[in-house]
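For reference, the chains in residue letters:
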Amino acid sequence: MDFLTIGTMELESRLFVGTGKFSSNLLIPEVINISGSQVVTVALRRIDFAPQNENMLNYIPRQCVLMPNTSGARDAQEAVRIARLARASGCGDWIKIEVISDNKYLLPDNQETVKASEILVKEGFVVLPYMSPDLMTAKRLRDVGVSAVMPLGSPIGTNKGLKTKELVKILIDEIDLPIIVDAGIGKPSEAAEAMEMGAAAVLVNTAIATAGDPVSMAEAFALAVKAGRKAFLAGTGVVQDYAEASSPLTGFLDRIGS
Amino acid sequence: MPKHLLLLQAFLIESEASLEQKFTVLKTIVRKTRRIALFMSFYDIYKNYAKLDIKDFFSRIGEEQILRIIGKERLSAEEFLVLLSPVARKYLEHMARKANEITQGHFGKVIFLYAPMYLANYCVNRCVYCGFNIDHGIARKKLTMKEVEEESRSISAQGIRHILLLTGESRKYSPVSYLKECIEVMRNYFTSISLEVYPLETWEYAELIIAGADGLTIYQEVYDEKIYDEVHLAGPKKNYRYRLDAPERACQAGMRTVNIGALLGLEDWRQEAFFTGLHADYLQNKYLNTEISLSLPRLRPEIGGFQPKHDVDDASLVQIMLAFRLFLPRAGITISTRERAELRDNLIGLGVTRMSAGSSTEVGGYASKDKTEGQFEVSDDRTIKEITKLIYQKGYQPVFKDWQCI
């Protein structure tokens, strides 16, 4: 079997899903069931523990790994506080670090992300930092002991696809940790593209939650992720600009004999 | 010594805050001022655009510009103004489709809910449009801590987790120390506390943040400086600049969310909406750490019987909202119960992200039996349950909690 190992977990599904944008929480279990997703991210800021209100956690199937995120954190200190609160409220040891000090584009603050990661790894969390794809940051994150690195495909909520492809590819080549493309994936074909090039998984929220039929879209994403992964494992063929038969540059070697 | 330094001195020497709190406030101020060493104010931008002849600008807009601007990803200030023009009115449906797409991408299919809580209606200002005007012989009241507790219990029992606390302007009856006390009580009931109070000094905002507040709503009421002077007859609110810079002071103090707006009806709405958008853009660019959002409050009937000089019909309100969304794609947009139910229902999907629900504009309006006069008449008097149901029917999820004090 082709498992994705994060921390001590062995995962079969390589599609992680977000929960923040659905028109109803009732869609969450349906999306998870049809897609086979095993990792679900939830913003701690959104979890409502008031008994008179709906608690999103009740809609997440028990077999899933809960990955609370630190959405709303503006610096490392706030991210650390949110992570601790999440663990104290029974959300487990996984934490997706999200530090955003730019409310205009919502791009992650890599420096603060490294700082928060270092502290939380020491506190025993399974840390998955969301980041702008930058090799040096990814190396630092690896060095402080994170369990995976989650570069963005394009700014969150834009559905623009894998605009950071070249930079993400470098992370896949250089960092010996699962690279999970988070944010920006707008279509199943883009998820497949990320998987084909060797991403360990993708995280999708907006594209599923705001689709005309979120459940069908979740299924489409699950299939695309599987297809992309299979293609990666199979080894995609070499792309060529001209037909194989001719060798305009080295053909002379045959002609002149050796 | 300048007034703000005198106030700082008073806070440091006389306030009952702990040494640790005083130190934190000082540290915040020093850090912020260092980071933003020499800065302009939105007033400079206002002054610059106030010279613009908007009528002339509008007369030169060609229809062919509108669709091109709607198709763009980032708009300049001038392009934003084009979307507020009479010519753009014919393209509301096009603007609405784009606004819907942007809002869903950034916020998803959700509407955040909150409720206001009036703590006190004592006021020293003479604002011609407001029910709390000092000249109005209405019953004045301020909630005791026991009443704050009762009101909090009553509102939170209905599911509300984000509260907006309001007062009139009275440093005597509702001073910062009173607000602080209220916040400390309310923290046990709500996960997010915003203020809508008279403008404060930076360190006063910082003090309230330490106490547990995370948001500020403050409307300039009217950006046109001349009209501002005409409708604010007397009181500290007459100081245009002090109010204009208040949202900026809150950003400097480290407020998480700052919500601004113009009271629509006091002056030509196209111009007022333009300045509101520019103000939000200015704050958003300068204070990346603060979430800037916008409100579109239309003047409502109040006890003084003030008649708005400029009519803002529903289509105009929609045009403002759509132009805001296209100019500031990630800004939150709030619609309160000032607007009637039918209109609010149809605004979902057009860019609105936050709504008040089950609101009372009276001091002690939720739990207390003795009624006082409201600040204005509420138009949408549906219960929180009814609004929740309606939002679901519209294909959106009502969300009560989007922040918690960390």
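The structure we're discussing is the one just above.
Okay, so let's go over this structure. (Residues numbered from 1 in each chain as written. Chains lettered and ligands numbered in written order. Predicted model: local features only at pLDDT ≥ 70, side-chain atom pairs only at ≥ 80, totals over all residues. Heavy atoms only, no water.)

## Structural notes on the overall build of chain A
Piece 1. Across its full length, chain A carries nine helices and 10 strands.
Piece 2. Its C-alpha radius of gyration of 20 Å places chain A within 12% of the 18 Å reference for a compact globule of 258 residues.
Piece 3. Along the longest, intermediate and shortest principal axes, the C-alpha atoms of chain A span 85 × 40 × 40 Å.
Piece 4. Within chain A, buried positions represent 57% of all 258 residues.
Piece 5. Across chain A, the fraction of contacts at a sequence separation of at least 24, relative to all contacts at a separation of at least 6, is 64%.
Piece 6. Of the roughly 11500 Å² of accessible surface on chain A, 52% is carried by carbon and sulfur atoms.
Piece 7. Of the side-chain charges in chain A, 25 are positive and 30 negative, and the distance between the mean point of each set is 4 Å. (Helix = DSSP H or I, 4+ residues; strand = E, 2+ residues; numbered from the N terminus. Rg over C-alpha atoms; globule rule 2.2 N^0.38 Å. Buried < 20%, exposed > 50% of the residue type's maximum accessible area, 1.4 Å probe, protein only. Contact = heavy atoms within 4.5 Å. Areas by Shrake-Rupley, 256 points an atom, 1.4 Å probe, with all protein chains shown as cover. Lys, Arg positive; Asp, Glu negative; His and termini not counted. Charge placed at Lys NZ, Arg CZ, Asp CG, Glu CD.)

## Some words on the overall build of chain B
Piece 1. Summing up its helical and strand segments, chain B has 17 helices and 11 strands in all.
Piece 2. For 406 residues, the compact-globule estimate of 2.2 N^0.38 gives 22 Å, and chain B sits close to it at 21 Å.
Piece 3. The burial tally for chain B puts 64% of its 406 residues in the buried class.
Piece 4. Taking all contacts inside chain B whose residues are at least 6 apart in sequence as the whole, residues at least 24 apart take part in 76%.
Piece 5. For chain B, the accessible surface area stands at approximately 16300 Å², while carbon and sulfur atoms represent 52% of it.
Piece 6. Side chains of chain B carry 55 positive and 53 negative charges; the gap between the two charge centres is 4 Å.

## Some points on the packing of aromatic side chains
Between two aromatic rings, the relevant description is the distance of the centres plus the angle of the planes.
Piece 1. Scanning the entire structure with this criterion turns up 16 aromatic pairs over all chains.
Piece 2. Measuring from ring centre to ring centre gives 3.8 Å for B:Tyr122 and B:Tyr173, while their planes differ by 15°; the resulting arrangement is stacked. On the criterion of sequence distance, the pair formed by B:Tyr122 in the loop between β1 (110-120) and β2 (126-127) and B:Tyr173 in the loop between β3 (162-167) and α9 (176-186) is long-range, its members being 51 residues apart.
Piece 3. A:Lys96 extends its terminal NZ or CZ atom over the ring of A:Tyr130, reaching a point 5.2 Å from the ring centre.
Piece 4. The ring of B:Tyr242 is capped by B:Arg249, whose NZ or CZ atom sits 4.0 Å from the centre of that ring. (Phe/Tyr/Trp six-rings, centres within 6.5 Å; stacked < 30°, edge-to-face > 60°. Lys NZ or Arg CZ within 6 Å of the ring centre and 35° of its normal.)

## Concerning the interface of chain B and chain A
Note on interface size: it is often stated as the accessible area lost on association of the parts.
Piece 1. The interface of chain B with chain A comprises 37 residues on the first partner and 38 residues on the second.
Piece 2. Taking both partners together, chain B and chain A bury about 3000 Å²; carbon and sulfur atoms supply 42% of that area.
Piece 3. A per-residue breakdown of the area chain B buries against chain A is headed by B:Arg330, B:Lys401 and B:Ile406, which together make up 22% of the total.
Piece 4. Here chain B is connected to chain A by five salt bridges.
Piece 5. With its nearest N and O atoms 3.0 Å apart, the salt bridge here joins B:Arg161 to A:Asp48.
Piece 6. Our count for the chain B to chain A interface comes out at 28 residue pairs in polar contact (both at pLDDT 80 or more).
Piece 7. Elements supplying a minimum of two residues to the side of chain B that touches chain A: α7 (92-107), β1, α8 (145-157), α14 (269-286) and β11 (397-399) of chain B.
Piece 8. Looking at the side of chain B that touches chain A residue by residue, the class counts come to 13 nonpolar, 15 polar and nine charged. (Buried area = accessible area lost by both parts, 1.4 Å probe. Salt bridge = Lys/Arg side-chain N within 4 Å of Asp/Glu carboxyl O. Polar contact = N/O pair within 3.5 Å; in protein donor to acceptor, adjacent residues only side chain to side chain. Nonpolar A, V, L, I, M, F, W, Y, C, P; charged D, E, K, R; others polar.)

## Section: the environment of B:Glu248
Residue and element names in this part refer to chain B.
Piece 1. Here Glu248 is to be found in helix α13 (residues 246-253).
Piece 2. Note on Glu248: relative accessible area 3%, which makes it buried.
Piece 3. Sequence separation between Glu248 and Gln158 is 90 residues; the distance between their C-alpha atoms is 34 Å.
Piece 4. Here the side chain of Glu248 touches Lys286 through a polar contact of 2.9 Å, side chain to side chain.

## Considering the packing of α14(B) against helix α15 (residues 314-327) of chain B
Residue and element names in this part refer to chain B.
Piece 1. Relative orientation of the contacting elements α14 and α15 amounts to 25°, with a least axis distance of 11 Å. The orientation of α14 relative to α15 falls into the category roughly parallel. Of the two elements, α14 crosses α15, and the hand of that crossing is right-handed. Residues Trp269, Arg270, Ala273, Thr276, Gly277, Leu278 and Asp281 of α14 form the contact with α15, whose participating residues are Ser316, Gln319, Ile320, Phe324 and Phe327. (Axes fitted to C-alpha atoms, helices over the stretch in contact; angles between N-to-C directions. Parallel < 35°, antiparallel > 145°, perpendicular 65-115°, else oblique. Left-handed = near helix turned anticlockwise from the far one by under 90°.)

## Remarks on unusual backbone geometry
All names here are of chain A.
Piece 1. Located in the positive-phi region is Asn159, a residue other than glycine, with phi close to 55°.
Piece 2. Mapped onto the fold, Asn159 is located in the loop between β8 (150-151) and α5 (165-174).
Piece 3. Given a relative accessible area of 30%, Asn159 falls into the partly exposed group.
Piece 4. Here Ala183, not a glycine, exhibits a phi torsion of approximately 80°, which is positive.
Piece 5. Mapped onto the elements of the fold, Ala183 is located in the loop between β9 (180-182) and α6 (188-196).

## Description of a nonpolar patch on the surface
All names here are of chain A.
Piece 1. Judged by side-chain polarity, Phe252, Leu253 and Ile256 come together as a nonpolar surface patch covering roughly 310 Å² of accessible area.
Piece 2. With respect to the element layout, Ile256 can be found in helix α9 (residues 252-256).
Piece 3. Given the relative accessible area of 63%, Ile256 is considered exposed. (Patch = residues over 30% accessible without salt bridge, like charges linked within 9 Å, V, L, I, M, F, W, Y side chains within 5 Å.)

## Thoughts on the pattern of salt bridges
Residue and element names in this part refer to chain A.
Piece 1. Scanning the model with the defined rule gives 42 salt bridges over all chains in all.
Piece 2. Residue Glu123 pairs with Arg84 through a salt bridge whose shortest N-O separation is 2.6 Å. Here Glu123 is found in the loop between α3 (110-122) and β7 (126-131), whereas its partner Arg84 is found in helix α2 (residues 76-88), with 39 residues between them in sequence.
Piece 3. On the accessibility criterion, Glu123 (27% relative accessible area) is partly exposed.

## Here we look at α5(A)
All names here are of chain A.
Piece 1. Those residues of α5 not exposed but buried are Val168, Leu171 and Ile172. Mapping the buried residues of α5 onto a view down its axis gives an arc of 100°, with all of them on the same face.
Piece 2. Buried residues in α5 make contact with β7, α4 (135-144), β8 and β9. (Arc of directions from axis to C-beta.)

## Overview of the pairing of strand β3 (residues 15-18) of chain A
Residues and elements named next belong to chain A.
Piece 1. Along β3, one buried face is formed by Leu15 and Val17 and the opposite face, lined by Phe16 and Gly18, is buried too.
Piece 2. When β3 meets strand β10 (residues 201-204), the two strands line up parallel, connected through three bridges. Across the sheet, the residue bridging to Leu15 is Val202, located in β10. (Pairing = 2+ DSSP bridges.)

## Some remarks on the environment of B:Leu296
Residues and elements named next belong to chain B.
Piece 1. Assignment of secondary structure puts Leu296 in the loop between β8 (291-295) and α15.
Piece 2. What makes Leu296 buried here is its relative accessible area of 3%.
Piece 3. Each C-alpha atom, one on Leu296 and one on Glu339, is 9.8 Å from the other, the two residues being 43 residues apart in sequence.
Piece 4. In this structure Leu296 touches Leu264, Leu317, Ile320, Met321, Phe324, Ile333, Thr334, Ile335 and Glu339, once residues within four positions along its chain are discounted.

## Some words on α13(B)
Residue and element names in this part refer to chain B.
Piece 1. Buried residues dominate α13, accounting for eight of its eight residues.
Piece 2. Looking at α13, one finds that the buried residues are Ala246, Pro247, Glu248, Arg249, Ala250, Cys251, Gln252 and Ala253.
Piece 3. After α13 finishes, the residue Gly254 shows a positive phi value of roughly 100°.

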